[in-house]
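Residue-level structure breakdown
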Amino acid sequence: MGKKSRVKTQKSGTGATAAVSPKEMMNLISELLQKCSSAAPSPGKEWEEYVQIRALVEKIRKKQKGMSVSFEGTREDFFSELMTWGAECGASCDGFEISNFADEGYGLKAARDIKAEELFLWIPRKMLMTVESAKNSVLGPLYSQDRILQAMGNVTLALHLLCERANPSSPWLPYIKTLPADYDTPLYFEEEEVHHLLATQAIQDVLSQYKNTARQYAYFYKVIQTHPNASKLPLKDAFTFDDYRWAVSSVMTRQNQIPTADGSRVTLALIPLWDMCNHTNGLITTGYNLEDDRCECVALKDYKEGEQIYIFYGTRSNAEFVIHNGFFFEDNAHDRVKIKLGVSKSERLYAMKAEVLARAGIPASSIFTLHCSEPPISAQLLAFLRVFCMTEEELRDYLVGDHAINKIFTLGNTEFPVSWENEIKLWTFLETRAALLLKTYKTSSEEDRSMLEKPDLSLHSRIAIKLRLAEKEILERAVSCCRAKRLHFQKQLDEGAPLPLYEESDIALLENADAKLPIILRKLEEDDESVQEEMNLAQIKPDAACVDSSKMPVLNGECKDLNGTQEDPPGGDAVVKESKAEKHDPSTKRTEGEPKDGGK
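For clarity, every value in this text was computed on a predicted model and none was experimentally measured.

**Thoughts on the pattern of salt bridges**
Tallied over the entire structure, the rule returns 28 salt bridges. Salt-bridge contacts for Arg348 lead to Glu392; the nearest nitrogen and oxygen are separated by 3.1 Å. Linking Arg348 in the loop between strand S13 (336-342) and helix H13 (350-359) with Glu392 in helix H15 (residues 392-397), this pair joins segments that are 44 residues apart in sequence. Classification of Arg348 by relative accessible area gives exposed; the value is 65%. Among the ionic pairs, Asp448 bridges to Arg468, the shortest N-O distance being 2.6 Å.

**Observations concerning the sheet that holds strand S3 (residues 96-100)**
Within the open sheet, the four strands sit side by side as S3-S4-S12-S9. Their pairing is mixed. Unpaired on one side and paired on the other, S3 and strand S9 (278-279) mark the two borders of the sheet. Relative to strand S12 (residues 308-311), S9 is paired through two bridges, and the arrangement is parallel. Residue pairing for S12: His279 is matched across the bridge by Ile311.

**A look at the environment of Gln34**
With respect to the helices and strands, the residue Gln34 is situated in helix H1 (residues 22-37). Spatially, the C-alpha atoms of Gln34 and Tyr219 are 9.8 Å apart, while their sequence positions differ by 185 residues.

**Details of the pairing of strand S8 (residues 266-270)**
In terms of burial, S8 is a largely internal element, four of the five residues being buried. Pairing between strand S6 (residues 129-130) and S8: two bridges, direction antiparallel. What sits directly across from Met129, in S8, is Leu270. Sheet topology note: the strand S7 (residues 256-259)/S8 ladder contains four bridges and is antiparallel. Bridging across to S8, Pro259 finds its partner in Val266. As consecutive antiparallel partners, S7 and S8 are separated by six residues, and within that stretch Gly263 has a phi angle of approximately 75°, a positive value.

**Remarks on the packing of aromatic side chains**
Enumeration over the complete set of coordinates arrives at 20 aromatic pairs. With a centroid separation of 6.1 Å and 80° between ring planes, the pair formed by Phe239 and Tyr244 is classed as edge-to-face. Judged by relative accessible area, which is 2%, Phe239 ranks as buried. When the ring of Tyr313 is compared with that of Phe321, the centres are 6.4 Å apart and the planes differ by 65°; the resulting orientation is edge-to-face. A single burial state applies to Tyr313 and to Phe321, both of which are buried. Of the aromatic side chains, those joined through ring pairs into one cluster are Trp47, Tyr50, Tyr210, Tyr217, Tyr221, Phe239, Phe241 and Tyr244. The positively charged end of Lys353 is found above the aromatic ring belonging to Phe388, 5.4 Å away from the centroid.

**Looking at the side chain of Lys472**
The topology assignment puts Lys472 in helix H19 (residues 459-494). At a separation of 2.6 Å, a polar atom in the side chain of Lys472 contacts the main-chain carbonyl oxygen of Thr443. Apart from residues no more than four positions distant in its own chain, Lys472 is found in contact with Leu438, Tyr441, Thr443, Ser444, Ser445 and Asp448.

**Let's talk about a negative patch on the surface**
A cluster of like negative charges, contributed by Asp113, Asp302, Glu305 and Glu307, occupies part of the molecular surface. Mapping Glu305 onto the fold places it in the loop between strand S11 (294-298) and S12.

**Topic: the confidence of the model for the chain**
Mean pLDDT over the chain stands at 83; residues scoring 70 or higher make up 80%. For residues 1-18, every residue scores under 50 in pLDDT, and the model assigns this stretch 74 contacts once sequence neighbours within four places are set aside. The low-confidence segment residues 506-599, where pLDDT is below 50, has 334 contacts with residues more than four positions distant or belonging to other chains.

**Regarding the environment of Met451**
Of note, Met451 is situated in helix H18 (residues 445-452). Expressed as a C-alpha distance, the spacing of Met451 and Ser461, which sit ten residues apart in the sequence, is 9.6 Å. Ignoring anything within four residues of it in the chain, the contact list for Met451 reads His196, Leu457, Ile465 and Arg468.

Reading the values: the criteria
- Residues numbered from 1 in each chain as written.
- Predicted model: local features only at pLDDT ≥ 70, side-chain atom pairs only at ≥ 80, totals over all residues.
- Heavy atoms only, no water.
- Salt bridge = Lys/Arg side-chain N within 4 Å of Asp/Glu carboxyl O.
- Helix = DSSP H or I, 4+ residues; strand = E, 2+ residues; numbered from the N terminus.
- Buried < 20%, exposed > 50% of the residue type's maximum accessible area, 1.4 Å probe, protein only.
- Pairing = 2+ DSSP bridges.
- Phe/Tyr/Trp six-rings, centres within 6.5 Å; stacked < 30°, edge-to-face > 60°.
- Lys NZ or Arg CZ within 6 Å of the ring centre and 35° of its normal.
- Polar contact = N/O pair within 3.5 Å; in protein donor to acceptor, adjacent residues only side chain to side chain.
- Contact = heavy atoms within 4.5 Å.
- Patch = residues over 30% accessible without salt bridge, like charges linked within 9 Å, V, L, I, M, F, W, Y side chains within 5 Å.
- Areas by Shrake-Rupley, 256 points an atom, 1.4 Å probe, with all protein chains shown as cover.
- Lys, Arg positive; Asp, Glu negative; His and termini not counted.
- Charge placed at Lys NZ, Arg CZ, Asp CG, Glu CD.
- pLDDT = per-residue confidence, 0-100.

Here's what the structure looks like:
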């Protein structure tokens with residue numbers, strides 16, 4: 001992260017172990033587990049629950065003070081050891097070096113000129129920490145018995161990391177010693193810093209992330225102390241909340257999916273050296289080569305000697321970057337805010353609208369997004385809004401008749417409005433909804449900008465306020481765009497402009513890559529509001545897919561977000577379109593929380 005912090009490891013029998021009895025600690029842990037396992041709070045009570053859980057956690061942290069200590073030395077002291085270990089294991093280490101890039105933290109610097117699409121970095125499997133290596137480690141016996149570990153690879157990887165950190169002979173120590181001592185994920189925010197996120201779309205996930213992490217910690221504390229298969233774990237004498245928070249954040253900011261050795265399925269992995277790269281806009285340029293059994297990365301662009309080498313983490317919003325990576329990316333071309341829309345089942349025309357939407361592969365209720373780009377809506381959202389605002393007569397045109405089926409394909413195409421009145425209604429509706437969302441914030445954009453000018457603002461507060469402001473700016477641009485669209489179509493109506501007529505030959509527009517908004521007929525992921533199973537890690541989201549150099553696609557598995565809602569795989573679109581650079585592709589990475597680009 002660019003700061004000189006000591007990397008923690010475990011030593012038993014030190015510090016606070018004499019200040020609290022095992023019985024007292026177990027009582028506190030039981031209280032925490034009970035609090036975090038209770039029914040979800042009623043709407044509006046989430047913050048109150050968070051404050052209560054946090055108070056319990058802080059009480060436990062105070063009792064555990066001094067139980068985790070640092071390796072001797074700073075992160076920087078171990079970078080040369082990491083590079084030496086990498087070279088001994090067969091990694092490529094001659095084209096780059098680890099360097100401090102000020103606000104971006106640590107990253108990789110080109111040690112020579114590197115050409116775009118040049119394969120400059122590869123990491124063999126023996127260097128990776130994976131769920132598979134966890135099964136073959138001291139954690140294996142517990143893994144074989146614990147259903148949470150078996151179901152949640154991210155939790156397994158976090159505990160694997162802690163066990164190896166406490167093992168003086170671990171082969172991964174050269175890597176573990178270079179990990180940050182702490183992170184800038186919301187798990188490390190002070191209460192008042194989290195408060196800045198209230199009313200943002202990220203707040204629910206942030207609160208759930210903290211609750212889930214606390215619950216998992218309490219659960220595994222009990223398991224480690226009582227389960228027979230945990231008796232030999234090096235965590236038994238000292239397993240603090242700070243330890244678990246560190247491991248969770250290390251995995252959450254770094255984990256990726258790679259294929260297993262036989263290529264039959266995917267597994268989660270931490271990838272040393274490669275995970276030092278910082279993020280920028282571009283294409284995914286990392287993949288897994290099954291033939292050579294190594295992770296490979298090609299250069300995103302030409303790099304001159306001395307320049308920082310970047311990779312693209314995927315098409316993530318700034319909310320995702322803040323929650324899972326701990327940084328805000330200023331120039332995020334993929335930033336967006338969510339908007340939940342649905343046709344009311346009590347509406348008289350519900351059945352007809354639902355049928356038209358179904359034929360277009362769009363659910364009658366779904367989570368859509370407003371983008372930072374122009375226009376702010378996708379073809380799917382345009383199609384939904386057109387149907388949402390249709391009259392009964394217009395609906396019939398898309399349900400019956402010789403050309404009804406083909407007309408469905410025009411719903412998401414800007415070239416073929418349903419009617420001028422329909423366009424006016426949909427843009428008016430969206431303008432109103434975006435304006436209402438803006439009113440839910442407690443501060444204005446001007447107030448946020450003024451707060452960001454304060455020199456004494458903490459880094460975490462700055463990240464939170466930047467995210468809050470970015471959401472508002474997307475909504476403000478959406479309101480402005482919708483207003484302009486509404487006025488444009490009102491003018492078309494007032495002037496009696498002829499409506500573009502759809503003809504059979506126009507079907508070619510749907511296959512034309514240059515079409516402005518070709519409809520994509522696919523079922524959008526519905527919002528899954530079911531509560532995730534009992535133990536849901538502060539969910540370390542896997543990154544975009546794995547595609548090895550022999551063209552074997554290993555698509556990123558669907559993953560649950562922190563609060564149990566289903567999300568599209570980050571960067572999914574970038575993996576489907578295979579370009580020359582992307583054939584090396586497969587796992588976007590998450591890096592630790594850093595100011596700006598999340599550097600290491």
